[in-house]
Every structure is written in C-alpha cells, then in structure tokens.
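Listed here are the chains, written in short residue letters.
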Amino acid sequence: MRHPFVRALSRVLTRSLVLAATAAVIPLASAVPAAADGVVVGGFPVDVSDGPWTVALSSRDRFGGTRAGQFCGGVAVGRTTVLTAAHCMGADVLGGPPNRARDLKVITGRTDLTSAQGKEIAVRDTWVNPGYDKISNAGDFAVLTLAEALPDRSVIRMAAAGDPAYEPGTSATVYGWGDITGGGDYARGLRGARVHVLSDALCERAYPGSADGTYRADSMLCAGEATGGPDACQGDSGGPLVAQGRLVGLVSWGSGCGRPGSPGVYTRVSDVVRTMGWPTALASTNGG
Ligand code: ARG
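### Topic: the site of the ligand
Next, step 1: Near the ligand there are 17 residues, and of these His-87, Asp-231, Gly-235, Ser-237 and Gly-256 occur at the shortest range.
Next, step 2: The separation between an oxygen atom of the ligand and a polar side-chain atom of His-87 is 2.7 Å.
Next, step 3: Alone, the ligand offers 350 Å² of accessible surface; in the complex the protein occludes 99% of this.
Next, step 4: In terms of residue count, the dominant contributor to the shell around the ligand is strand E12 (residues 246-253) (3 residues).
Next, step 5: Looking at side-chain class alone, the shell around the ligand contains 7 nonpolar, 8 polar and 2 charged residues.

### What to know about the pattern of salt bridges
Next, step 1: Evaluation of the coordinates by the stated rule reveals 7 salt bridges.
Next, step 2: For Arg-110, the salt bridge identified is with Glu-120, shortest N-O distance 3.0 Å. With Arg-110 in the loop between strand E5 (105-108) and strand E6 (119-128) and Glu-120 in strand E6, this residue pair connects regions lying 10 residues apart in the sequence.
Next, step 3: Here Arg-110 falls in the buried class, since its relative accessible area comes to 6%.
Next, step 4: Since its relative accessible area comes to 28%, Glu-120 is described here as partly exposed.
Next, step 5: The partner of Arg-246 in a salt bridge is Asp-163, with the nearest N and O atoms 2.7 Å apart. In this pair, Arg-246 is assigned in strand E12 and Asp-163 in the loop between strand E7 (142-146) and strand E8 (171-176), connecting sequence segments 83 residues apart.
Next, step 6: The exposure class of Asp-163 is buried, given its relative accessible area of 15%.
Next, step 7: Because the salt bridges share partners, they merge into one network encompassing Arg-60, Arg-110 and Glu-120.

Thresholds applied
- Position numbers for residues count from 1 along each chain, tracking the sequence in the order it is written.
- Given that this is a predicted model, residues contribute local features only at a pLDDT of at least 70 and side-chain atom pairs are listed and counted only at 80 or more, while totals for whole chains, interfaces and linings are drawn from all residues.
- Just so you know, side-chain values use all the structure's heavy atoms and leave hydrogens and water out.
- If even one non-hydrogen atom of a residue comes within 4 Å of a molecule or strand, that residue is called near it.
- The term polar contact refers here to a pair of N or O atoms within 3.5 Å; inside protein, the definition further demands a hydrogen-donor-capable atom paired with an acceptor-capable atom, and it admits residues adjacent in sequence only when both atoms are side-chain atoms.
- Accessible areas in this description were obtained via Shrake-Rupley with a 1.4 Å probe; residue shielding takes into account the shown protein chains only.
- The numbering of helices and of strands both runs from the N terminus, where a helix is a DSSP run of H or I of at least 4 residues and a strand a run of E of at least 2.
- Ten residues, namely Ala, Val, Leu, Ile, Met, Phe, Trp, Tyr, Cys and Pro, are considered nonpolar, four, namely Asp, Glu, Lys and Arg, are considered charged, and the remaining ones, Gly among them, are considered polar.
- Any carboxyl oxygen of Asp or Glu that lies within 4 Å of a side-chain nitrogen of Lys or Arg is treated as forming a salt bridge with it.
- In this scheme, a residue with accessible area under 20% of its type's maximum is buried, one over 50% is exposed, and one in between is partly exposed, where area comes from a 1.4 Å probe on protein chains only.

Keep in mind these numbers describe shape, not what the thing actually does.
Structure representation (structure tokens):
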C-alpha cells in the first residue's frame, strides 16, 4: 500500500503536469482562479451519442496518453470535415506546424477518454484560417480533413447569418472534455453546459480590449449567464456551441471561466460559413 503522502504528492505532480501542458495548449488561458462557488463549467455529463458531432483532438506524442492525448475539441460539419479553433493548431500548442504533428487524430464516438470506445481517425489535412488574429482572437477557426468518412448522423448543420439561433436569449449548449473547475481538473468524460447567447452590446462591454482579446461582433459571439457559473474552460477550445440543433459557435476564449461579467467567447460559425463560401449542410454536398 502506498503511503497517503506519496499518493497526495503524486496527485500534486500529476496536477502540475496537466497544468504545465495546458499552459502550452491554451495560449489564451488566463491565470484567474475559479469562481467563488467552485462551479466553473457548471456542467453535466453527456453521452457522446447525444452530441455525436463532438470530437476530441488528440496527440499522444505531445500530450501523453492518460486522456488519449486530448488537448482541444472539434465538431464534424461534414463527413470528412471537422472544425476546430485556429489557436489549437498553433505552433505553441503543437510544437510546430500542424502538418508536422504526425500523430494528430480526431476521436469520435468516445464519451470517456480513458475507454477504447469509438474510433480514432487520422487527420489528412489541416487548414488554418489565415485571417486569424492572435491579438483580438478574431477568426479563430481551422478546418481538418479526415482520412476516413464519418457516418451522416455524426455531422451537424451550421447556422448561417440571420439564423434565429443567434438571437440574444437563445438557450445553447457547449460540449467538451476541458477543465471542470478552472483549477486544471480535466474531465475524463464528455460534459455539456447550458448557457444563453448574449447580445453583441453586452459582449462588447465585457471585452472592450484586454490581454485576453477584444470582442468583434462580426466574427465572434458570446454566451454565458449573468451570474457566472456554466461556461466552457481550458481544453474545451474548438468544441461546439449548439442552439436549436444547429452549430452557432466554436469555443475560443474568455477571461477565466464562469466568472460573472466575463462570458465565454466563441467563433461565430456564420462567419466561418461566409469565409469558406460553404453551404450550411456540407454532408449533402461533399458526401464524404
Ligand atoms: N482558450 C481555451 C482553450 O484553448 C478556451 C477558453 C474558453 N474560456 C471560457 N471562459 N469560455 O481551451
């Protein structure tokens, strides 16, 4: 039997390793501690079959095998097309250009990262939005092409500009395997958190410009709760924000996690659709 102190120490060591890894993973992470109530993501467990388009990005070479190498989220918008955040593909995260990350994979159909459920699919190509601006975080998206096609049911439709799903007050759910306390506690199982789409005026007031970023209504949307609580956090980046069954956002940034007055900021999916010149349902057009 191990001495309790050794166990505690190894817990601390594991914790700091995870934190050290995330500092690299999440360049936008701020060192702000968790909200006072300790419920940052304020989420609930989700079975991946209830959000089958949610995928995990993995590199065991870079992030180790404990949680299958998960370091960001992603979302399938076509049978071979996955959206994620541009900052997830940064050299500071991957240790070099994305095409050099040889073991970059997309994990689909796996609720618990420590299980062997679902499938790991190699990434055949990565395209990072050249318009991504690291200072404001505008245009934070990248497109991954999979080596193997997903089933149709694993693909979500994107919400185009003018879609009612973008209206302030709309209830939305964000999905991910990220930090659940703001203290480096990474989930093993997929989680969801319920938030509301907020008005651009409110988001602009929350983020007029700081070291974390600047709110830009044309390429971002923000969501959260006035009192803080449910939110995305480090490790959730690139993952989906879904409203009315359609994809409206990708987890991008925020000041801390779940803090009142600092909502989560997402890449506005209608801007991705516009930039790429895509139809909102890729599945039917590229079929695989
Ligand atoms: N930048 C973080 C990541 O790479 C996502 C942070 C989202 N923060 C928030 N409060 N919603 O995982």
